[in-house]
Amino acid sequence: MNVLVWLAAILFILMIVIGGKKGVRSFLSLFLNFGVLFVTIFLMTNPKNSPIVLTFIACTIISWISLFYINEKNSKTITAFISTMITIVILLFFIVVVTGKSMIQGFGEESTEEISIFSLYIGVNFVQIGASVIIMSTIGAILDVAISIASSMHEIFHHNPLISRKKLFTSGLSIGKDILGTDTNTLFFAFFGGYLGLLIWFKDLNYSIGEIINSKVFSTELITIFCAGIGIAAIIPIASSVNAYYLVKTREKVRAQESASHSK
Amino acid sequence: MFTTISHKKRILFYILLALCFVASVLFVSHNESFYERPIAEVIKTELEDSTPISDMYSNDDQLFTQQITALVKNGEAKGQLIHLTNEYSSSGAFDHEYKVGNKLFVSIKADNAQKGQLSGLILDAKRDQYVLIVAWIFIFALLIVGKRQGLFSIISLIVNALLLSFALDLYVKHANVSLLFVSGVCVLLFTGVSLILINGLNEKTYAAMLATLLGTFISLLISFFVLWITSENGLRYEEMQFLTRPYRMVFMAGLFIGALGAVMDVSITMASSMFALYEQDPSISDKALKVSGLDIGKDVMGTITSILFFVYICGSIPMLILYLKNSSTLGLTLSMNLSLELARALAGGIGVVLTIPISLYTSIFFIKRKRVN
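Every value quoted in this text rests on a predicted model; they were computed, and no experiment measured them. (Residues numbered from 1 in each chain as written. Chains lettered and ligands numbered in written order. Predicted model: local features only at pLDDT ≥ 70, side-chain atom pairs only at ≥ 80, totals over all residues. Heavy atoms only, no water.)

1. Considerations on the overall build of chain A
Part 1: Of the regular secondary structure elements, chain A holds nine helices and zero strands.
Part 2: Starting at the N terminus, the α and β elements of chain A follow one another as α-α-α-α-α-α-α-α-α.
Part 3: Reported as C-alpha extents along the three principal axes, the dimensions of chain A are approximately 80 × 45 × 40 Å.
Part 4: A buried classification covers 58% of the 264 residues belonging to chain A.
Part 5: Partitioning the contacts of chain A with sequence separation of at least 6, the portion at a separation of at least 24 is 77%.
Part 6: Across chain A, 18 positive and 14 negative side-chain charges occur, with their mean positions spaced 19 Å apart. (Helix = DSSP H or I, 4+ residues; strand = E, 2+ residues; numbered from the N terminus. Buried < 20%, exposed > 50% of the residue type's maximum accessible area, 1.4 Å probe, protein only. Contact = heavy atoms within 4.5 Å. Lys, Arg positive; Asp, Glu negative; His and termini not counted. Charge placed at Lys NZ, Arg CZ, Asp CG, Glu CD.)

Structure, rendered in structure tokens:
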């Protein structure tokens, strides 16, 4: 039997045993997200479609699945969804500029041998695809921060319903700070684990620091890590303010209704 | 008293940071003399030719030729103009359109050395200034949002990167050291450095460290076992990029390090919340702790596993598109490009889920010890 089938089966069983119903949903959402990603890649092969627009739609669907399917639709997931979308739009603009300027799209010299059998003039816009790769690599982490901040802030608001908007915002920030360190860590190790072969290659071929930094593969790698970190940092104040705004707004609405019914 | 000192220190820190920023940006934009390869800055470009082309799979593209005049910035020919020809396509999979202001690594043709009339070939673009600027935006974003924690996560990134680089040096220089052993030692050090920097030295950190190490090693054992009984059926190592070493070892070591971050993330989240519950109510029963810990674990397992999935799979998007556009079948495209990525993501996911019960028990163990004291 296939390695992947085995690993998937083990993961599925573990998720059921430990997570129960939620585990099943988490596992299924991995597959749904994989499906969305795959359809997006397929659509990207048509040069008429803009990879950036496709990426934005894909991110919306992925966030939808991860937030509303695993955690059902409620005020927590709605605020998390809104904060994710705001962050994605801002990050998308930033990353498109960065990939355009730094010319990190497509394939580096190090892959020449591998891609030599292929036709490279395939009409799709690799600059935009480079930007989509970066943003899609980060979406998992962005969603993680969005949902963590939303649920902790709702919890704080629930225990402390009279809290001011500003205090609520600061408590959101301080929750975010804790996640910032661990999530950047997760991404960092995942990237370096994935590119261990590349690092050994550089060492084996005695690349100088200048050659490493300027090489397309390595600078792409670094810029992706940094952009991911910037994304995680950016969503913290965004999610904190969206949640603070929403929670205080609904409280005021409830109060207004109450005072209206009292005055009758 | 205390606040004034920390206030002063903070201002000093920001001034120092601003100085570093300005100095490094200035340095990188004028560092050509530190490179041995000739560097030229584009000062004029002219579009010479543009032809539509169509490859054998009837993909349409546009091919351009541009004439570039550039100024050599270093080496013997410093100050002279150089003429370069650049061909690029509108898709830009392996080529670039260059614009005025871009800096390029070039090779200068020796036979054509009349004064002011150099010609040569473009080797690659100089990217260090962009990497540096994005790095600074990253540092500022982490510091502004994360303050102290942001600083510590930057420090832990740097220390870990140096450790990894040092370990790989050792591995490359000493042929008889196993990569798996090297990465095992690295994992121990990474775990220590990251968790202590993120969380400080306390019982919470010890609980998280123990859980991280157990979780990573057990998930590695499981992956080994699966690879062994399936005799690695379904893994396409031949498409593994950048290889100068035995591919299997490189893959396993990468899997090891890749899973580590996610496992650490889960164990520190679990330990933090369980210790917080205990501190809020020191008389809380073990049973209640277990129930809440498991709830927290269920919440995070999906999102953290999906972080790994997206990181691994998205990296292969350009290659997948290249395969598909070159009329490769779906099955070949997927198995060639995604088997290793999926294996890494799944193994990491297994590590994440396994770590939930493990950190549940290590946290309870350390909380119990705290209770006795």
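2. Overview of the overall build of chain B
Part 1: Along the backbone of chain B there are eight helices and five strands.
Part 2: Ordered by position in the sequence, the α and β elements of chain B form the string α-β-β-β-β-β-α-α-α-α-α-α-α.
Part 3: By the compact-globule yardstick of 21 Å for 373 residues, chain B is too spread out, its C-alpha radius of gyration being 27 Å.
Part 4: Each principal axis of the C-alpha atoms in chain B carries an extent, and together these give about 85 × 65 × 40 Å.
Part 5: Across the 373 residues of chain B, 51% fall into the buried class. (Rg over C-alpha atoms; globule rule 2.2 N^0.38 Å.)

3. Regarding the interface of chain B and chain A
Part 1: Each partner contributes to the interface: chain B provides 123 residues, whereas chain A provides 107 residues.
Part 2: Taking both sides of the interface into account, the surface hidden between chain B and chain A amounts to around 10,200 Å²; carbon and sulfur atoms contribute 76%.
Part 3: Applying the counting rule to chain B against chain A returns two salt bridges.
Part 4: The salt bridge involving K203 of chain A is made with D169 of chain B; its shortest N-O contact spans 3.2 Å.
Part 5: There are 22 residue pairs in polar contact (both at pLDDT 80 or more) connecting chain B and chain A.
Part 6: For the side of chain B that touches chain A, the leading source of residues is helix α2 (residues 128–173) of chain B, giving 25 residues.
Part 7: Broken down by class, the residue content of the side of chain B that touches chain A amounts to 72 nonpolar, 31 polar and 20 charged. (Buried area = accessible area lost by both parts, 1.4 Å probe. Salt bridge = Lys/Arg side-chain N within 4 Å of Asp/Glu carboxyl O. Polar contact = N/O pair within 3.5 Å; in protein donor to acceptor, adjacent residues only side chain to side chain. Nonpolar A, V, L, I, M, F, W, Y, C, P; charged D, E, K, R; others polar.)

4. Quick notes on the sheet that holds strand β3 (residues 81–89) of chain B
Part 1: Taken together, the five strands give a closed barrel; going around it, the order is β1-β2-β3-β5-β4 (chain B), and neighbouring strands pair in mixed fashion. Across the sheet, the mean angle separating the axes of adjacent strands is 45 degrees when strand polarity is ignored. (Pairing = 2+ DSSP bridges. Axes fitted to C-alpha atoms, helices over the stretch in contact; angles between N-to-C directions.)

5. Some points on the layout of surface pockets
Part 1: A volume near 1,600 Å³ is recorded for the largest pocket.
Part 2: Along the lines of polarity and charge, the residues of the lining of the largest pocket split into 14 nonpolar, 19 polar and 12 charged.
Part 3: Approximately 1,300 Å³ is the volume attributed to the second largest pocket.
Part 4: In terms of lining residues, the second largest pocket is bounded by 39 residues, among which I209, I212, I213, F218 and L222 of chain A are the most central.
Part 5: Those elements giving two or more residues to the lining of the second largest pocket turn out to be α6 (165–194), α7 (196–204), α8 (209–214) and α9 (216–263) of chain A together with α1 (2–29) and α2 of chain B.
Part 6: Here the element with the most residues in the lining of the second largest pocket is α2 of chain B; it accounts for 16 residues.
Part 7: Classifying every residue of the lining of the second largest pocket gives 30 nonpolar, four polar and five charged. (1 Å grid on protein atoms, 1.4 Å probe; cavity = no way out; pocket = protein on both sides within 12 Å on 5 of 7 lines; lining within 4 Å. Points joined across faces, edges and corners; volume = space filled by probe spheres on them.)

6. Regarding empty space enclosed by the protein
Part 1: Applying the stated rule across the entire model yields six cavities of 30 Å³ or more.
Part 2: Volume-wise, the largest cavity comes out at about 790 Å³.
Part 3: In terms of lining, the largest cavity is formed by 37 residues, of which the most central are Y195 of chain A together with Q241, F242, G315 and S316 of chain B.
Part 4: Listed by contribution, the elements that provide at least two residues to the lining of the largest cavity are α5 (126–159), α6, α7 and α9 of chain A together with α6 (286–314), α7 (317–325) and α8 (330–372) of chain B.
Part 5: Space inside the second largest cavity adds up to approximately 50 Å³.
Part 6: In this structure, the second largest cavity is lined by L30, N33, F34 and L37 of chain A together with F309, F310 and I313 of chain B.
Part 7: Of all the elements in the fold, those that place two or more residues in the lining of the second largest cavity are α1 (3–44) of chain A together with α6 of chain B.
Part 8: If one sorts the elements of the lining of the second largest cavity by residue count, α1 of chain A sits on top with four residues.
Part 9: Here the residues of the lining of the second largest cavity are counted per class, giving six nonpolar, one polar and no charged.

7. Re the packing of helix α4 (residues 203–229) of chain B against helix α5 (residues 247–280) of chain B
Axis angle and axis distance: for two packed helices, these are the angle between their axes and the distance between the axes, and together they describe the pair.
Residues and elements named next belong to chain B.
Part 1: At a minimum axis separation of 8 Å, α4 and α5 run at an interaxial angle of 145 degrees. For the pair α4 and α5, the sense of crossing is right-handed.
Part 2: Residues of the contact of α4 with α5, tallied by class, amount to 16 nonpolar, six polar and two charged. (Left-handed = near helix turned anticlockwise from the far one by under 90°.)

8. Here's the deal with the pairing of strand β1 (residues 39–54) of chain B
The side chains of a regular strand alternate, residue by residue, between the two faces of the sheet.
Residues and elements named next belong to chain B.
Part 1: The pairing of β1 with strand β4 (residues 103–108) spans three bridges and is antiparallel. If you follow I39 over to β4, its bridge partner there is F105.
Part 2: Both β1 and strand β2 (residues 60–72) contribute to a ladder of 13 bridges, which runs antiparallel. Each bridged residue has a counterpart across the sheet, and for S54 the counterpart in β2 is D60.

9. Concerning the side chain of T212 of chain B
Part 1: In this fold, T212 of chain B is placed in helix α4.
Part 2: Filtering out sequence-adjacent residues up to four positions away, T212 of chain B remains in contact with T191, L195, L260, V263, M264 and S267 of chain B.

10. Notes on the environment of S240 of chain A
Residues and elements named next belong to chain A.
Part 1: With respect to the helices and strands, S240 occurs in helix α9.
Part 2: Remark: the alpha-carbon pair of S240 and T170, spanning 70 residues in sequence, is separated by 7.7 Å.
Part 3: Not counting residues within four places of it along the chain, the set of residues in contact with S240 comprises I149, M153, F169, G172, L173 and I235.

Keep in mind these values describe shape, not function.
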